[in-house]
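Working through the structure, step by step
Chain by chain, the residues run as shown.
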Amino acid sequence: MKFDALDLAPSILEAINVCGYQQLTQVQSEVIPVALSGADLMACAETGTGKTAAFALPLLQKLLNDEINSGSLRGLILTPTRELAIQVAENISRYGQFTSLKTLAVYGGANMNPQRKALAAGVDILVATPGRLFDFIGQHGLDLSDVMTLVIDEADRMLDMGFVRDIERVKALVAVEHLTHFFSATYSEDVKALAQKMLHSPQWINVTQSRTASTVEQEVYLVDKRRKSELLSELVGRNNWQQVLVFASSKESADHLHNELKLDGLKSAVFHGDKSQGARNRALDEFKNGLLRVLVATDVAARGLDIQALPLVVNLEPPFDAEDYVHRIGRTGRAGLTGRAISFICPSDEKRLEEIETLIELKLPRTVLPGYELGTPLPARYRETQEPTIKSVERRKGKPKQGKRSASEGNNRGGNSVAKGKSSYANRRADKKR
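Conventions and cut-offs
- Residues numbered from 1 in each chain as written.
- Predicted model: local features only at pLDDT ≥ 70, side-chain atom pairs only at ≥ 80, totals over all residues.
- Heavy atoms only, no water.
- Helix = DSSP H or I, 4+ residues; strand = E, 2+ residues; numbered from the N terminus.
- Buried < 20%, exposed > 50% of the residue type's maximum accessible area, 1.4 Å probe, protein only.
- Contact = heavy atoms within 4.5 Å.
- Areas by Shrake-Rupley, 256 points an atom, 1.4 Å probe, with all protein chains shown as cover.
- Pairing = 2+ DSSP bridges.
- Axes fitted to C-alpha atoms, helices over the stretch in contact; angles between N-to-C directions.
- Parallel < 35°, antiparallel > 145°, perpendicular 65-115°, else oblique.
- Left-handed = near helix turned anticlockwise from the far one by under 90°.
- Nonpolar A, V, L, I, M, F, W, Y, C, P; charged D, E, K, R; others polar.
- Core = buried A, V, L, I, M, F, W, Y, C linked by side-chain atoms within 4.5 Å.
- Phe/Tyr/Trp six-rings, centres within 6.5 Å; stacked < 30°, edge-to-face > 60°.
- Salt bridge = Lys/Arg side-chain N within 4 Å of Asp/Glu carboxyl O.
- Patch = residues over 30% accessible without salt bridge, like charges linked within 9 Å, V, L, I, M, F, W, Y side chains within 5 Å.
- Lys, Arg positive; Asp, Glu negative; His and termini not counted.
- Charge placed at Lys NZ, Arg CZ, Asp CG, Glu CD.

Quick look at the overall build of the chain now. The secondary structure content of the chain amounts to 18 helices and 14 strands. Residues classed as buried in the chain amount to 54% of the 434 residues present. Counted over contacts in the chain with a minimum sequence separation of 6, partners at least 24 positions apart contribute 75%. Accessible area for the chain stands at about 19500 Å²; split by element, carbon and sulfur atoms hold 49% of it.

And the structure:
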């Protein structure tokens, strides 16, 4: 079905055309007519299938029809993370670019004053994380009594993060007669129970075919734990990968990998909770614009990042929660495009891999890259970065570090050449020691 078959205003259809949308996705074709009819709904769909447009387009249409309260806050969307709030607000602004409707995202980790001034100037749709929303309610008396449509995005994640009470409080503050739309990537019993409690005679829409999108090719590389970053650099260089999103299970692991990639001349940045919102935004923008080859992130980025045509996701370590695997690899293979997801698995990761395979009901193919067989010794230079040798202890005490590699040497470390009989990565690290 095409978008012009829907009962949407010409201004919205024009924006959709500018965005390059042609055919509705399955979730859009099932959700939008129900939402336009004015019913509560609970929709479950795989990540990357167009859920944002599914709730945003009917909301924009409803606000255009409501001329009486034009200019007041009438639509509220709750999201679990800052990145998702920013992304959702940007998308809604694009869909409403030829209307007079204003959309704003408010979230923690950023200066409150610009957000406060934008709110005071008047907005029609507010996209918010719960904490910052209640900051505005408590400190600045934000009034939600005109909100006629409440959208809970990533409802499963909201529950995981303990936002149930916040959702209940918001429900009590919006207009008595309002619509509530729940959207979730997974259909757990907890999500169903919350929806049954908060929705009035809802329409239940479930378009999930599997736990992971069929457009994503998934595989596992078996490798020793200490050689994961070495293998990543080898693959990036050998295959000339230009845009890779890598997930690490901790901030420390992400920072360590980032430092290793710098040694190899690969342009990268880290994206995790210890970084300011400004630093995270800059890293994401540089990655999207092709200025970085690798973005190393923790699960703070597993939901909410929409990177157009991202070809590859790598799991340096499997997530602690199998559900997060679904959301990690959902950053690729979006909007009908194909993608690839690779997971680096060492012996201690096997239990978590089993949990993932049980969840997605799929046995992932295993690969061992020659030269990276389990038990293969580390190159001498690499061992120094893995354990506190005498040299590394001396450095921490303030003794001079080794000189930096030249730019030409660094570029070679991230290149495409593979030395005969020895991994190019091992050769490059040996060079570093000279």
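We now examine the pairing of strand β12 (residues 312-315). Residues in a regular strand point their side chains to alternate faces of the sheet. Side-chain alternation along β12 places Leu312 and Val314 on one buried face and Val313 and Asn315 on a second face that is also buried. Taken together, the four bridges between strand β9 (residues 244-247) and β12 define a ladder with parallel strand orientation. Residue pairing across strands places Val246 opposite Val314, the latter belonging to β12.

On to the packing of helix α10 (residues 228-239) against helix α11 (residues 251-263), then. The relative placement of two packed helices is expressed as an angle between their axes plus a distance between the axes. At a minimum axis distance of 10 Å, the contact between α10 and α11 shows a crossing angle of 45°. Classified by the interaxial angle, the pair formed by α10 and α11 is oblique. Like other packed secondary-structure pairs, α10 and α11 cross with a definite hand, here right-handed. Facing α10, whose interface residues are Ser229, Leu232 and Ser233, α11 presents Leu257, Glu260 and Leu261. Looking at the contact of α10 with α11 residue by residue, the classes come out as three nonpolar, two polar and one charged.

Moving on, we come to the pairing of strand β8 (residues 216-222). Extensive coverage of β8 is indicated by the burial of six of its seven residues. Both β8 and strand β13 (residues 339-345) contribute to a ladder of seven bridges, which runs parallel. Residue Leu222 lies in a different strand from β13, and its bridge partner there is Ile345. As paired elements, β8 and strand β14 (residues 366-367) share two bridges and run parallel to each other. Bridge assignment links Tyr221 to a residue of β14, and that residue is Thr367.

Reading across from one edge, β3-β4-β2-β5-β6-β1-β7 is the order of the seven strands in this open sheet, with parallel pairing throughout. Looking at strand neighbours, the two that pair on one side only are β3 (103-106) and β7 (203-206), the edges of this open sheet. The average angle at which neighbouring strand axes cross in this sheet is 15°, direction not considered. Sheet analysis places strand β5 (residues 149-152) next to strand β6 (residues 179-184), joined by four bridges and oriented parallel. Bridge pairing in β6 links Val151 to His181. Strand contacts of helix α6 (residues 130-140): β2 (75-78), β3 and β4 (125-128), with the helix running at about 120° to β4, the strand carrying the most contacts. Across the sheet, helix α9 (residues 189-198) lies against β1 (41-44), β6 and β7, angled at about 175° from β6, the strand it touches most.

Here we come to the side chain of Thr129. Along the chain, Thr129 turns up in the loop between β4 and α6. According to the relative accessible area criterion, Thr129 is buried, its value standing at 8%. Sequence-distant contacts of Thr129, defined by excluding residues within four places in its chain, comprise Thr79, Pro80, Thr81, Arg82, Ala85, Val106, Tyr107 and Gly108.

A word on the nonpolar core. Val31, Leu57, Ile77, Ile92, Val127 and Phe183 are the most contacted members of the largest nonpolar core, which has 42 residues in total. Of all the elements in the fold, those that place two or more residues in this core are α1 (10-18), α2 (26-36), β1, α3 (51-65), α4 (82-95) and β4. Of all the elements, α3 adds the most residues to this core, at eight residues. Residues Val147, Ile152, Val191 and Leu199 belong to the second largest nonpolar core, which totals 32 residues.

So, on to the packing of aromatic side chains. Scanning the entire structure with this criterion turns up four aromatic pairs. Grouped by ring-pair contacts, the aromatic residues Phe3, Tyr21 and Tyr95 constitute a single cluster.

Here we come to the pattern of salt bridges. In total, this model carries 17 salt bridges according to the counting rule given. Residue Arg157 is joined to Asp324 by a salt bridge in which the shortest nitrogen-to-oxygen separation is 4.0 Å. Residue Arg157 is found in helix α7 (residues 155-160), and its partner Asp324 is found in helix α13 (residues 322-329); the two are separated by 167 residues along the sequence. A relative accessible area of 19% places Arg157 in the buried class. Notably, a salt bridge pairs Arg169 with Asp166, separated by 3.8 Å at the nearest N-O pair. Of the two residues, Arg169 and Asp166 both sit in helix α8 (residues 164-173), three residues apart, roughly one turn of that helix. Since its relative accessible area comes to 47%, Arg169 is described here as partly exposed. Beyond isolated ion pairs, a larger network of salt bridges with shared partners links Asp66, Arg74 and Asp124.

All right, on to a negative patch on the surface then. Together, Asp160, Asp190, Asp321, Glu354 and Glu355 line one region of the surface with negative charge. With respect to the helices and strands, Glu354 occurs in helix α14 (residues 350-360). Residue classification places Glu354 among the partly exposed positions, given a relative accessible area of 48%.

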